[in-house]
Amino acid sequence: MALTALPETMRTLLQPSRQSAEVILTTVPVPTPSHPEDVLVRVHATAPCAGELRWAVDFPDAIPADKELVPCQDLAGTVVSAPASSGFGPGDGVYCRVSAERAGAARDYALPRVGELAKIPAGLSWVEAAATPLSALTAWQALFVQGTLDAAGIKGHAAAREHNAKTRVLVTGAAGGVGSWIVQLASLSGARHVVAVCGADKAEGIRQLGATEIVDYRRTSIEEWVGGDSAARECDLVIDVVGGKTLAGSWAAVRAQGTLISINTPPDMVKPAGLGRELTKSLFFIVEPLGSNLAEIGKLIEEGRVRPIIDSVWGFGDFKKAFERLESGHARGKIVIKLSDEA
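Along each chain, numbering runs from 1 in the same order as the chain's sequence is written. Given that this is a predicted model, residues contribute local features only at a pLDDT of at least 70 and side-chain atom pairs are listed and counted only at 80 or more, while totals for whole chains, interfaces and linings are drawn from all residues. By convention in this description, side-chain values take in all heavy atoms of the structure and omit both hydrogens and water.

- As recorded in an unreviewed UniProt entry, the chain goes by Enoyl reductase (ER) domain-containing protein and comes from Lasiosphaeria ovina.

**A closer look at the pairing of strand β8 (residues 168-171)**
- Exposed residues in this analysis have more than 50% of their type's maximum accessible area, buried residues have under 20%, and partly exposed residues fall in between, with area computed by a 1.4 Å probe over protein chains only. Put simply, DSSP marks the helices as runs of H or I at least four residues long and the strands as runs of E at least two long, and each gets a number from the N terminus on. Of the two faces of β8, the one carrying Arg168 and Leu170 and the one carrying Val169 and Val171 are both buried.
- In this sheet, strand β9 (residues 193-198) lies alongside β8 in parallel orientation, the contact comprising 4 bridges. Paired with Val171 across the strands is Ala196, a residue of β9.
- By convention, a crossover is right-handed whenever its connection, traced from the first strand over the helix to the second and viewed with the strands pointing away, goes clockwise. Between β8 and its parallel partner β9, the chain crosses via helix α5 (residues 177-188), and the hand of that crossover is right-handed.
- Two elements, β8 and strand β11 (residues 235-240), share 3 bridges in a ladder whose sense is parallel. Bridged to Val171 within β11 is Ile239. The rule for pairing is simple: two strands pair if DSSP sees at least two bridges between them.

**Points about the nonpolar core**
- Residues Tyr95, Leu143, Val183, Leu185 and Ile206 are the most contacted members of the largest nonpolar core, which totals 58 residues.
- Among the elements that line this core, the one with the most residues is helix α3 (residues 133-145), at 8 residues.
- Note on contacts: a residue pair qualifies if any of its non-hydrogen atoms lie within 4.5 Å across the two residues. Residues within four places of Val183 in sequence aside, it is in contact with Val171, Ala174, Val194, Ala196, Ile206, Leu209, Gly210 and Ala211.
- Of all hydrophobic cores here, the second largest spans 29 residues; its members include Leu13, Val70, Cys72 and Ala331. Among buried residues, those of type Ala, Val, Leu, Ile, Met, Phe, Trp, Tyr and Cys that are joined through side-chain atoms within 4.5 Å constitute a nonpolar core.

**Topic: the packing of α3 against helix α10 (residues 291-302)**
- Interaxial distance between α3 and α10 falls to 10 Å at its minimum, and their mutual angle equals 100°. One finds that α3 runs roughly perpendicular with respect to α10. Contact residues: α3 offers Pro133, Ala136, Leu137, Trp140 and Gln141, while α10 offers Asn293, Leu294, Glu296, Ile297 and Leu300.
- Each residue gets one label: Ala, Val, Leu, Ile, Met, Phe, Trp, Tyr, Cys and Pro are nonpolar, Asp, Glu, Lys and Arg are charged, and the others, such as Gly, are polar. Split into classes, the residues belonging to the contact of α3 with α10 amount to 7 nonpolar, 2 polar and 1 charged. Every axis corresponds to a line fitted to the C-alpha atoms, with the helix fit spanning only the stretch in contact, and the corresponding angles, defined between N-to-C directions, vary from 0 to 180 degrees. An angle below 35 degrees is read as roughly parallel, one above 145 as roughly antiparallel, one from 65 to 115 as roughly perpendicular, and any other as oblique.

**A few points about the UniProt feature "domain: Enoyl reductase (ER)" (unreviewed entry) in the chain**
- The sites that UniProt annotates as "domain: Enoyl reductase (ER)" (unreviewed entry) are residues 18-337.
- Annotation note: span residues 18-337, helix share 27%, strand share 23%, distance between end C-alpha atoms 22 Å. UniProt positions are given in the numbering used here, feature names are shortened, and annotations may be inferred rather than shown by experiment.

**Quick notes on α10**
- One less than the residue count of a helix, multiplied by 1.5 Å, gives the span that helix is expected to have. Here α10 contains 12 residues, and its C-alpha end-to-end distance of 16 Å stays within 8% of the 16 Å for a straight helix at 1.5 Å per residue.
- Inspection of α10 places Gly291, Asn293, Leu294, Ile297, Gly298, Leu300 and Ile301 among the buried residues, and these make up the whole buried set. Down the axis of α10, the buried set is contained in an arc of 160°. They therefore lie on one face.
- Each element contacted by the buried residues of α10 is listed here: β5 (93-97), β7 (117-119), α3 and α5.
- Phi turns positive one or two residues past the end of α10, at Gly304, with a value near 75°. It is the directions from the helix axis to the C-beta atoms whose arc is reported.

**Thoughts on the packing of aromatic side chains**
- Whether two aromatic rings pair depends on their centres lying within 6.5 Å, for rings of Phe, Tyr and Trp, where Trp uses its six-membered ring; planes under 30 degrees apart make the pair stacked, over 60 edge-to-face, and the rest tilted. Applying the stated criterion across every chain, the model contains 2 aromatic pairs.
- Seen in terms of ring centroids, Phe59 and Phe284 are 6.0 Å apart; in terms of plane orientation they differ by 10°. Their pairing is stacked. Residue Phe59 is found in the loop between α1 (55-58) and β4 (74-81), and its partner Phe284 is found in strand β13 (residues 281-284); the two are separated by 225 residues along the sequence.
- A residue is classified by how much of its surface remains accessible, and Phe59, at 28% relative accessible area, is partly exposed.
- Between Trp140 and Phe144 the ring centres are 5.0 Å apart and the planes differ by 75°, which places this aromatic pair in the edge-to-face class. Of this pair, Trp140 and Phe144 both sit in helix α3, 4 residues apart, which is roughly one turn of the helix. As far as burial versus exposure is concerned, Trp140 and Phe144 are alike and both buried.

Right under this line is the structure:
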């Protein structure tokens with residue numbers, strides 16, 4: 001599509017106030033590239049993220065005061081225009097995570113940047129592509145960048161697989177968008193013990209993704225589960241995606257000198273009083289929207305070794321229902337919003 005064929009206006013979701021989680025559907029001008037790395041993309045599908053409507057209040061240092069509050073940072077779409085040396089051109093199918101510092105992708109046209117983008121793997125639909133970036137990138141970076149597993153194990157490197165095989169991994173929220181990717185990637189990299197915290201109704205599906213043990217949080221807390229045999233059940237790497245009481249309980253699961261990673265809250269904020277256990281690392285991190293990581297993940301998708309898990313798909317006009325489903329906390333995988341007829 002040439003730039004001359006663009007409409008003057010487009011549909012967009014917008015958060016009118018930083019102080020409110022209300023979202024409206026409105027019409028605004030189509031954005032114009034203004035940064036040297038801007039790529040104009042026609043959006044076919046996008047995906048919301050739990051808690052994102054509160055980011056401006058909860059993380060004021062991370063969300064610029066002048067950010068246009070368009071939600072949903074994940075996108076799958078078609079390139080309209082791109083910098084000449086970017087490696088992307090008109091018509092390319094691309095997906096990415098747009099940095100949370102900039103307007104999201106719940107709009108007909110968005111402006112991701114070159115370094116955030118990757119080409120959509122063969123065989124992946126628009127909906128599946130939109131369900132992938134945030135969850136897969138967060139899982140990849142939690143395990144292999146912030147965590148202690150070696151990504152080379154995925155490619156079969158013997159030393160890496162031997163290291164990963166000795167690492168016990170536990171993930172909370174294992175049936176969700178991020179958790180399901182953590183289970184898949186940990187197992188694929190050679191981890192022989194992948195403990196998944198999820199409801200019993202989701203256990204079989206999570207076992208099929210690579211979990212070797214299930215902790216049903218509805219029947220037992222993490223603390224109670226560990227207490228049944230602490231020597232055998234404590235883990236080297238614990239990744240929490242839930243926060244709150246679940247993160248506090250995760251302290252019981254990580255062994256001394258182990259690693260505790262959270263994508264929800266700094267772990268030390270909920271460390272149980274009196275717990276003297278010292279860890280090698282305990283941290284909260286925000287995912288980096290790296291197209292290079294997404295390209296690696298895309299290769300695994302093309303090879304049929306990993307896949308996104310989708311809870312439900314909603315039309316653009318049903319965005320409120322999509323956010324309600326997301327905030328219910330019971331989604332099995334990602335929630336996706338379709339914007340185009342192609343999706």
